[in-house]
Amino acid sequence: MDERNACSRVDGGVHKTWFYGMTKTITKIGNSQGLMLDAALMDLARLKVGDQVSISVHEGGSIVLTPVRPVITPAKAAATAKRLIKKNAALFRRLS
C-alpha cells in the first residue's frame, strides 16, 4: 500500500482518524471500467465483497466512495432485544 499520510489518533479509543492515499489504475472489467481494491484497503475501510458504497462526484472531479452502513432504529433494536430475551428466557433464568 502506498501510504502517503496518516493523521494521529486520540488515545483512549475515543476517536481514530487515518487518511491513506494511494494511486490505482482504472482497468477494463468486462464491458465496464473499474478499480481493483486490494485486501489492505478493504480492511482499512472495513469493507467486504458484497457491501454497498455510496458514490459522489465533487467539483474538480474527485470521486468519493462512502460505505453504506446499516442503521438500526431504536424500535428495531427494542424488537430484536425483546425477541432474543423471549427466545433465551430459560437460559437467562438459569444464569440469574
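Quick note: structure is the one above.
In every chain, residue numbers begin from 1 and rise along the written sequence. Local features are withheld for residues below a pLDDT of 70 in this predicted model, meaning they are given only at 70 or higher, and side-chain atom pairs are given and counted only at 80 or more; totals for whole chains, interfaces and linings count all residues. Note that water and hydrogens are dropped before the side-chain values are worked out from all heavy atoms of the structure.

Kindly report on the overall build of the protein chain, identifying the contributing residues and their values.
Strands here are runs of E lasting at least two residues and helices are runs of H or I lasting at least four, both read from the DSSP assignment and numbered beginning at the N terminus. When helices and strands are counted, the protein chain shows three helices and four strands. Ordered by position in the sequence, the α and β elements of the protein chain form the string β-β-α-β-β-α-α. When accessible area is computed with a 1.4 Å probe and restricted to protein chains, residues below 20% of their type maximum are described as buried, those above 50% as exposed, and intermediate ones as partly exposed. Sorting the 96 residues of the protein chain into buried and exposed places 4% on the buried side. Considering only residue pairs separated by 6 or more positions, the protein chain has 8% of its internal contacts joining residues 24 or more positions apart. Contact criterion: two residues are considered in contact whenever any of their non-hydrogen atoms come within 4.5 Å of each other.

Could you give an account of the environment of Arg69, naming the residues involved and the relevant values?
One can find Arg69 in the loop between strand E4 (63-67) and helix H2 (74-87). Relative accessible area serves as the criterion here: at 34%, Arg69 is assigned to the partly exposed category. Along the sequence, Arg69 and Gln52 sit 17 residues apart, while their C-alpha atoms lie 8.2 Å from each other. At 3.1 Å, the side chain of Arg69 forms a polar contact with the backbone oxygen of Arg46. Two N or O atoms count as a polar contact when they lie within 3.5 Å, although within protein this holds only if one can serve as hydrogen donor and the other as acceptor, and sequence-adjacent residues are included solely when both atoms are side-chain atoms.

Which residues make up the pattern of salt bridges, and what are the values?
In what follows, salt bridge is the name for a side-chain nitrogen of Lys or Arg lying within 4 Å of a carboxyl oxygen of Asp or Glu. This model, assessed by the stated rule, comprises two salt bridges. Between Asp38 and Lys24 there is a salt bridge whose closest N-O contact spans 3.3 Å. Placement of the pair is Asp38 in the loop between strand E2 (32-34) and helix H1 (39-44) and Lys24 in the segment before strand E1 (27-29), with a sequence separation of 14 residues. Across the pair Asp51 and Lys48 runs a salt bridge whose closest N-O atoms are separated by 3.0 Å.

Give a description of the pairing of strand E3 (residues 53-57) that names residues and reports values.
Side-chain positions along a regular strand alternate between the two faces of the sheet. A pair of strands is treated as paired once DSSP finds two or more bridges between them. Of the pairings in the sheet, the one linking E3 to E4 comprises five bridges and is antiparallel in character. Bridge assignment links Val53 to a residue of E4, and that residue is Pro67. The antiparallel hairpin formed by E3 and E4 contains five residues in its connecting segment, where Gly60 sits at a positive phi of about 95°.

For a nonpolar patch on the surface, give the residues involved together with the corresponding values.
Exposure above 30% relative accessible area and the absence of a salt bridge qualify a residue for a patch, where like charges join within 9 Å and nonpolar side chains (Val, Leu, Ile, Met, Phe, Trp, Tyr) within 5 Å. To be clear on the numbers: accessible area is Shrake-Rupley with a 1.4 Å probe, and residue cover counts the displayed protein chains and nothing else. Together, Ile26, Leu35, Leu37, Val53, Ile55, Val57, Ile63 and Leu65 line one region of the surface with nonpolar side chains, adding up to about 780 Å² of accessible area. Sorting the residues of the nonpolar patch by element identifies E3 and E4 as the ones contributing at least two each. Top contributing element to the nonpolar patch by residue count: E3, with three residues. Within the secondary structure layout, Leu35 lies in the loop between E2 and H1. Look at Leu35 and you get partly exposed, because its relative accessible area is 45%.

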